[in-house]
Amino acid sequence: MAKENQTLPEFLLLGFSDLRALQGPLFWGALLVYLVTLLGNSLIILLTWVSPTLHSPMYFFLRHLSLVELLYTTNIVPRTLADLVFPHPRAISFWGCAAQMYVFIVLGISECCLLTAMAYDRYAAICQPLHYSTLMSWRACITMVGLSWLMGIVTATTHSSLIFTLPFPRRPVIPHFLCDILPVLRLASAGKHRSEVSVMMATVVFIMVPFSLIVTSYARILSTILAMASTLSRRKVFSTCTSHLLVVFLFFGTASITYIRPRAGSSVTMDRILSLFYTVITPMLNPIIYTLRNKEVTRALWHVVKRQVPSS
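Residues numbered from 1 in each chain as written. Predicted model: local features only at pLDDT ≥ 70, side-chain atom pairs only at ≥ 80, totals over all residues. Heavy atoms only, no water.

1. Let's talk about the packing of aromatic side chains
Working step 1: By the definition in use, this model includes 16 aromatic pairs.
Working step 2: Measuring from centroid to centroid gives 5.4 Å for F94 and F164, while their planes differ by 90 degrees, and the two rings are edge-to-face. Residue F94 is found in helix α4 (residues 94-127), and its partner F164 is found in the loop between α6 (138-163) and β3 (173-174); the two are separated by 70 residues along the sequence. As far as burial versus exposure is concerned, F94 and F164 are alike and both buried.
Working step 3: Between Y120 and Y123 the ring centres are 6.2 Å apart and the planes differ by 35 degrees, which places this aromatic pair in the tilted class. Here Y123 and Y120 lie together in helix α4, a separation of three residues that amounts to about one turn.
Working step 4: Relative accessible area serves as the criterion here: at 29%, Y120 is assigned to the partly exposed category.
Working step 5: Take Y123: its relative accessible area is 15%, and that puts it in the buried class.
Working step 6: Through pairs of rings, three or more aromatic residues link up here, namely F11, F94, W95, F164 and F168. (Phe/Tyr/Trp six-rings, centres within 6.5 Å; stacked < 30°, edge-to-face > 60°. Helix = DSSP H or I, 4+ residues; strand = E, 2+ residues; numbered from the N terminus. Buried < 20%, exposed > 50% of the residue type's maximum accessible area, 1.4 Å probe, protein only.)

2. Regarding the packing of helix α2 (residues 57-74) against α6
Working step 1: Close contact between α2 and α6 brings their axes to 10 Å; oriented N to C, the two are set at 20 degrees. Regarding the angle of α2 to α6, the classification is roughly parallel. Two packed elements cross with a definite hand, and for α2 against α6 that hand is right-handed. Note on element contacts: α6 touches α2 through W138, C141, I142, M144, V145 and W149, opposite P57, F60, F61, H64, L67, V68 and L71. (Axes fitted to C-alpha atoms, helices over the stretch in contact; angles between N-to-C directions. Parallel < 35°, antiparallel > 145°, perpendicular 65-115°, else oblique. Left-handed = near helix turned anticlockwise from the far one by under 90°. Contact = heavy atoms within 4.5 Å.)

3. Structural notes on the environment of L46
Working step 1: Inspection of the secondary structure puts L46 in helix α1 (residues 20-50).
Working step 2: With 258 residues separating them in the primary sequence, L46 and V304 have C-alpha atoms 9.9 Å apart.

4. Side note on the side chain of T73
Working step 1: With respect to the element layout, T73 can be found in helix α2.
Working step 2: A residue is classified by how much of its surface remains accessible, and T73, at 0% relative accessible area, is buried.
Working step 3: The residues contacting T73, other than those within four sequence positions of it, are Y34, T37, P78, T279 and P283.

5. A few points about the packing of α1 against helix α3 (residues 77-85)
Two measures define how a pair of helices packs: the angle their axes make with one another and the distance between the axes.
Working step 1: Running from N to C, α1 and α3 point in directions that differ by 155 degrees, and their axes come no closer than 9 Å. Looking at the two axes, α1 sits roughly antiparallel to α3. Between α1 and α3 the crossing geometry is left-handed. For the pair formed by α1 and α3, the contact residues are Q23, L26, F27, A30, L31 and Y34 on the first element and V77, P78, L81, D83, L84 and V85 on the second.
Working step 2: When grouped by side-chain class, the residues that make up the contact of α1 with α3 number ten nonpolar, one polar and one charged. (Nonpolar A, V, L, I, M, F, W, Y, C, P; charged D, E, K, R; others polar.)

6. Remarks on α1
Working step 1: Over its 31 residues, α1 runs 45 Å from end to end, which matches the ideal 45 Å to within 8%, given 1.5 Å per residue.
Working step 2: Listed in full, the buried residues belonging to α1 are Q23, F27, A30, V33, Y34, T37, G40, N41, I44, L47 and T48. (Expected span 1.5 Å × (residues − 1).)

7. Observations concerning the side chain of T80
Working step 1: Within the secondary structure, T80 is located in helix α3.
Working step 2: Since its relative accessible area comes to 7%, T80 is described here as buried.
Working step 3: Residues contacting T80, with those up to four places away along its chain left out, are F16 and F177.

8. Considerations on the pattern of salt bridges
Working step 1: All chains considered together, the criterion is met by four salt bridges.
Working step 2: One salt bridge connects R171 with E10, and the closest N-O pair in it is separated by 3.2 Å. In this pair, R171 is assigned in the loop between α6 and β3 and E10 in the segment before β1 (11-13), connecting sequence segments 161 residues apart.
Working step 3: Judged by its relative accessible area of 47%, R171 falls in the partly exposed class. (Salt bridge = Lys/Arg side-chain N within 4 Å of Asp/Glu carboxyl O.)

9. Here's the deal with the nonpolar core
Working step 1: Among the nonpolar cores identified, the biggest contains 84 residues, and F11, F61, L115, F164 and V184 are the most heavily contacted of them.
Working step 2: Top contributing element to this core by residue count: α4, with 20 residues.
Working step 3: L115 has contacts with L65, I214, H244, V247, V248, F251 and F252, leaving out every residue within four places of it along the chain. (Core = buried A, V, L, I, M, F, W, Y, C linked by side-chain atoms within 4.5 Å.)

10. Side note on the sheet that holds strand β2 (residues 90-92)
Working step 1: The sheet built from three strands is open, its strands ordered β2-β1-β3 with mixed pairing. One side of each edge strand has no neighbouring strand; the edge strands of this open sheet are β2 and β3.
Working step 2: For β1 and β2, the ladder comprises three bridges, and the chain directions are antiparallel. By the bridge assignment for β2, L12 is matched with A91.
Working step 3: In the packing of α3 onto the sheet, the strands contacted are β1 and β2, and the crossing angle to β2 comes to about 150 degrees.
Working step 4: Contacts between α4 and the sheet are confined to β1, β2 and β3, with β2 contributing the most and set at about 75 degrees to the helix. (Pairing = 2+ DSSP bridges.)

Right under this line is the structure:
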């Protein structure tokens, strides 16, 4: 990525060092959220793995989504927690920054694709029930998950290669708590137009296109639900979709604001708040939303608990 005789720069992550009075509360808050995230997503992975009633395409996708959330938050939060312990900004190596960004992009793109696959699964189940077993065969599900990871890897490789071949200052300061694409790209001293175009194209392809497909799927689903004669049937079908919709709007909403809003309207504080939300808060909320609003997951949880705890 750089000439061998050239010293690779170290990036200085500003983190929250300019908010020293808040570093203590932020540390304990982030630690609590991280522990809840680990517990919640691990629980969903376990339940969808061991419970026969959850061996369906929808929960297969949910298991992989929880895995992505686990890796996503673990890529960022431990380093952030360590930085919050120190009052001054800490450096991250060139390769460390590149690795964090690479994993961040892989998991972010994979999540976009998985959420789209989950929307298609709901569309097939509700709008095409007679063809559901064919449309959502296990081969089709495995292919969708594999393509989600592949698209993440291809996009991350392309972006990282473009960004980390740019010339950077000797001591670049990133006004952020992670090596995100835009803050790092803004540090490049020259030749960043090519990377900015690449980022914008990826934003359109992997944020706007999946979101449009999800909205289209749910528009068809809503039309089918309204055509149902039974109020009970409408309520039951609608309840299975609301959890996914909540997760979709949480993820795509914050991502769209972060990467699509005009640069002139952005600020360091707003960038960090938005990033904190979709990298730390959202991964914690997802398992809570799916477990509290999903009766099948709740029943599977109680069944597992009853098997592990002998009755008196």
